[in-house]
Amino acid sequence: MKVVVYNVRSFEKEFWALANAKQHDLTLISNGLNAETQNYARGKDAVVISVSDILDESMLLNLKGLGINKIMTRSKDTAHIDLVKAGDLNIQIANAPFEDQSPKGLAEQTVRNLNLWGLEKCVGKACCCLNDCAKKIK
């Protein structure tokens, strides 16, 4: 998958490289996702954000217009994402629900979810989609 990862700190880059192991085409951006940086998502299959990135209705519409149908947050919390609007736009949302919330653990969880999405599978406990789908693990 082609993926843009926002809000990546310099010390996290090694964790991303090790977790990814050249499986996905990752673009790591140090800036947050906003109106000025959203165009980095053009041509990508998925966007990875942090809890600092606000995905309100407007941003979700913009991302959908850029062709984004999958968004992963590197946090347990999803309060920064309008899940209802994401569902209306048929955008899949995943989080990082596992205990290890270290930068290494978050990179590994994210790549795991990207692997599952790449195989057209549900991300299980990480699924935050409000829509019911045939792939969703219940």
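Residues numbered from 1 in each chain as written. Predicted model: local features only at pLDDT ≥ 70, side-chain atom pairs only at ≥ 80, totals over all residues. Heavy atoms only, no water.

- By the naming in an unreviewed UniProt entry, the protein is Lactate dehydrogenase, taken from Sphingobacterium multivorum.

## Looking at the nonpolar core
Buried together is how nonpolar side chains tend to be arranged in soluble globular proteins.
Item 1. Counting residues in each nonpolar core, the largest one holds 22 residues, and the members touching the most others are V3, V5, W16 and V123.
Item 2. Of all elements in the fold, only β1 (2–5), α1 (13–20), β3 (46–49) and α4 (103–118) reach the threshold of two or more residues within this core.
Item 3. Counting residues per element, this core draws most heavily on α4, which supplies six residues.
Item 4. Residues in contact with V123, not counting those within four places in the same chain, are A94, R112, N113, L116 and W117. (Core = buried A, V, L, I, M, F, W, Y, C linked by side-chain atoms within 4.5 Å. Buried < 20%, exposed > 50% of the residue type's maximum accessible area, 1.4 Å probe, protein only. Helix = DSSP H or I, 4+ residues; strand = E, 2+ residues; numbered from the N terminus. Contact = heavy atoms within 4.5 Å.)

## Some thoughts on the pattern of salt bridges
Item 1. According to the stated counting rule, one finds three salt bridges in the structure shown.
Item 2. Between R9 and E12 there is a salt bridge, and its shortest N-O distance comes to 3.1 Å.
Item 3. Residue class for R9 comes out partly exposed when judged on its relative accessible area of 46%.
Item 4. Two residues, E108 and K104, come together in a salt bridge whose shortest N-O distance is 2.8 Å. On the criterion of helical spacing, the pair formed by E108 and K104 is a turn pair, its members being four residues apart in helix α4. (Salt bridge = Lys/Arg side-chain N within 4 Å of Asp/Glu carboxyl O.)

## Looking at the sheet that holds β3
Paired through their backbone hydrogen bonds, the strands of a sheet run either parallel or antiparallel.
Item 1. Across the sheet, which stays open at both edges, the five strands sit in the order β2-β1-β3-β4-β5 with parallel pairing between neighbours. Looking at the sheet topology across the chains shown, the edges are occupied by β2 (25–28) and β5 (92–94). Strand-to-strand, the axes of this sheet are offset by a mean angle of 20 degrees, without reference to chain direction.
Item 2. Of the pairings in the sheet, the one linking strand β4 (residues 70–73) to β5 comprises three bridges and is parallel in character. Residue pairing in the sheet places M72 in a bridge with A94 of β5. (Pairing = 2+ DSSP bridges. Axes fitted to C-alpha atoms, helices over the stretch in contact; angles between N-to-C directions.)

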